[in-house]
Amino acid sequence: MARFDPYENNGGTCVAVAGADYCVVAADTRLSVGYSILSRDHSKIAQLADKCVLASSGFQGDIKALQKALAAKELVYEHNNNKKMSCPAMAQLLSNTLYYKRFFPYYAFNVLAGLDTQGKGCVFTYDAVGSYERTGYSAQGTGSALMMPVLDNQLKSPSPLLLPARDAVTPLSESDAVDLVKDVFASATERDIYTGDRLEIVVINSSGTCRECIELRKD
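Residues numbered from 1 in each chain as written. Predicted model: local features only at pLDDT ≥ 70, side-chain atom pairs only at ≥ 80, totals over all residues. Heavy atoms only, no water.

Colleague: I'd like to hear about the sheet that holds strand 11 (residues 198-205), residue by residue, with values.
Modeller: Taken in spatial order, the 5 strands of this open sheet run 10-1-2-11-12, and their pairing is antiparallel. Across the chains shown, the open sheet's two edge strands, defined by having one partner strand only, are strand 10 (137-141) and strand 12 (208-215). Strand-to-strand twist in this sheet, taken as the mean axis angle between neighbours without regard to direction, amounts to 15°. Docked against the sheet, helix 3 (residues 144-155) engages strand 1 (13-18) and strand 10, running at close to 170° with respect to strand 10. Across the sheet, helix 4 (residues 174-188) touches strand 1, strand 2 (22-28), strand 11 and strand 12, and the angle it forms with strand 2 is around 20°. (Pairing = 2+ DSSP bridges. Helix = DSSP H or I, 4+ residues; strand = E, 2+ residues; numbered from the N terminus. Axes fitted to C-alpha atoms, helices over the stretch in contact; angles between N-to-C directions. Contact = heavy atoms within 4.5 Å.)

Laid out in structure tokens, this is it:
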């Protein structure tokens, strides 16, 4: 009997770590369905503004539609306000866009990261229908369950219930955060068949944005 199934998980993992004056965003480049690899060089990271990038895992058709909708809304905002949208403003826009489609959601699991208006690193993590939270670090995708325990152990984000509220940015230097991201991906690729091939790393700081790629397991 034929069954309508509009969704498909194309795998992959995204990670973001926020520091005092930087943000590191990373994702693998494998695009797969089941046991088939469709592409070994597919970027999961999209730059939405000067100091704001979006990393997404899930169904790539929905991810591309979501990125296109956000880019159009950001352009309208820029023309209306004569300035680029800030990362916290983009976080609210992404939440509204996902919630608007809550009855037929974008099958996309997102991490939005960049610098806020004070120049501090910020990471926003989402579910599929727009509920989001600002954290010091986050992982989304098929390898996230393997990576989050390591990130929790190394970064120890303070509880949001503590009063007075404590800053969620990580204490690591920029180079140490990049090394940690490389290590968690190298570990996850040993167990997750949907994560691998290459790792794309984007570092955002006051100087701008730089990209780096390293090789991961091919099998």
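Colleague: Please provide a residue-by-residue account of the packing of aromatic side chains, values included.
Modeller: The relative placement of two aromatic rings is captured by the distance of their centres and the angle of their planes. Under the criterion given, the structure shown has 5 aromatic pairs. With a centroid separation of 5.4 Å and an interplanar angle of 75°, the aromatic rings of Tyr107 and Phe109 are classed as edge-to-face. The exposure class assigned to Phe109 is partly exposed, which follows from its relative accessible area of 24%. Here Tyr126 and Tyr132 contribute two aromatic rings whose centre-to-centre distance is 5.2 Å and whose plane-to-plane angle is 10°, an arrangement assigned as stacked. For Tyr132, a relative accessible area of 30% translates into the label partly exposed. Through a chain of ring-to-ring contacts, three or more aromatic side chains come together here, namely Tyr7, Phe104, Tyr107 and Phe109. Sitting over the face of the ring of Tyr106, Lys101 holds its NZ or CZ atom 5.0 Å from the ring centroid. (Phe/Tyr/Trp six-rings, centres within 6.5 Å; stacked < 30°, edge-to-face > 60°. Buried < 20%, exposed > 50% of the residue type's maximum accessible area, 1.4 Å probe, protein only. Lys NZ or Arg CZ within 6 Å of the ring centre and 35° of its normal.)

Colleague: So what's going on with helix 1 (residues 60-81)? Which residues, and what values?
Modeller: Compared with the 32 Å implied by 1.5 Å per residue over 22 residues, the 31 Å span of helix 1 between its first and last C-alpha is a close match. Looking only at helix 1, the buried set comprises Gln60, Asp62, Ile63, Leu66, Gln67, Leu70 and Glu74. Each buried residue of helix 1 lies within a common arc of 145° when the element is viewed along its axis, so the set occupies one face. The exposed set on the far side of helix 1, more than 90 degrees from its buried face, consists of Lys68, His79 and Asn80. Looking at the packing, one finds that the buried side of helix 1 touches strand 3 (31-33), strand 5 (45-49), strand 6 (52-58), helix 2 (87-100) and strand 7 (108-115). (Expected span 1.5 Å × (residues − 1). Arc of directions from axis to C-beta.)

Colleague: Which residues make up the pairing of strand 1, and what are the values?
Modeller: The buried fraction of strand 1 is high, at 6 of 6 residues. The side-chain alternation of strand 1 yields two buried faces, one formed by Thr13, Val15 and Val17 and the other by Cys14, Ala16 and Ala18. Pairing of strand 1 with strand 10, which is carried by 5 bridges, proceeds in the antiparallel orientation. Across the sheet, residue Val17 finds its bridge partner in strand 10, namely Tyr137. The sheet contact formed by strand 1 and strand 2 spans 5 bridges and is antiparallel. The residue bridging Val17 from the neighbouring strand is Val24, located in strand 2.

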